[in-house]
Amino acid sequence: MPENIDYKDTTEEFKTRLRADLEAPDRETIDHLLNAIVIFINKGYEEMDLLRERYPDLICPWCGGLHFSQKCRDKREQFIKEQPPRDLDFDPYAIFYNAGSLELRIKLQALSYGELEYIRKRFTTAPPAQEFNLLIDLIVKDVKDRCHQGAAFGDYKLPD
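Keep in mind it's a predicted model, so treat the numbers as computed, not measured.

The rules behind the values
Residues numbered from 1 in each chain as written. Predicted model: local features only at pLDDT ≥ 70, side-chain atom pairs only at ≥ 80, totals over all residues. Heavy atoms only, no water. Helix = DSSP H or I, 4+ residues; strand = E, 2+ residues; numbered from the N terminus. Buried < 20%, exposed > 50% of the residue type's maximum accessible area, 1.4 Å probe, protein only. Contact = heavy atoms within 4.5 Å. Areas by Shrake-Rupley, 256 points an atom, 1.4 Å probe, with all protein chains shown as cover. Phe/Tyr/Trp six-rings, centres within 6.5 Å; stacked < 30°, edge-to-face > 60°. Polar contact = N/O pair within 3.5 Å; in protein donor to acceptor, adjacent residues only side chain to side chain.

### What to know about the overall build of the protein
When its secondary structure is counted, the protein shows 8 helices and 2 strands. Here the protein, with 160 residues, has 34% of them falling under the buried criterion. Restricting to contacts in the protein with at least 6 residues of sequence separation, those with at least 24 account for 47%. Element-wise, carbon and sulfur atoms account for 51% of the exposed surface of the protein, whose accessible area totals about 11,300 Å².

Below you can see the structure in the form of structure tokens.
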């Protein structure tokens with residue numbers, strides 16, 4: 001769908017293409033069946049998955065409705081951005097303690113923006129950032145600051 005469209009209802013285009021694919025005659029009964037299929041798709045019934053796969057350009061990937069909506073698209077992109085990465089075994093503190101801030105920065109640069117956001121939220125108190133490199137800088141700074149907290153008392157030992 002074009003980027004500059006805010007909302008477009010794709011119901012009629014869907015019914016036209018489905019009628020053509022099924023080679024269904026132009027009858028009132030077929031119209032009622034197509035309307036029922038539209039309702040089932042908009043309600044999100046699992047039985048309509050085959051049609052969702054066949055007509056992905058007409059069905060909203062976020063809500064499953066027969067429309068194109070910039071609002072839904074934005075919600076989907078935000079959701080994907082916030083999803084925690086699967087199988088991400090990453091501890092920035094362990095990397096910092098074992099190899100230092102340079103190695104931490106190198107390992108962070110190999111991750112995606114979504115993975116960095118996940119690490120920022122899970123391990124640090126760093127503020128969010130839209131720019132990739134700024135987010136890395138904020139994570140490294142926060143990890144470094146937290147690791148050095150309490151260093152003033154590092155030499156102090158309790159009496160036995």
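### Points about the packing of aromatic side chains
Applying the stated criterion to the full structure yields 3 aromatic pairs. Aromatic side chains Tyr93 and Phe123 sit 6.4 Å apart centroid to centroid with 65° between the ring planes, which places their arrangement in the edge-to-face category. Here Phe123 lies in helix H7 (residues 113–123) and Tyr93 lies in helix H5 (residues 92–99), a separation of 30 residues in the sequence. Take Tyr93 and Phe123: they sit in the same class, and that class is buried.

### Quick notes on the side chain of Thr124
Inspection of the secondary structure assignment puts Thr124 in the loop between H7 and helix H8 (132–148). Within the structure, the side chain of Thr124 is placed 2.7 Å from the backbone oxygen of Arg120, a separation counted as a polar contact. Setting aside its immediate chain neighbours within four residues, Thr124 contacts Tyr93, Ile119, Ile139, Asp142, Val143 and Arg146.

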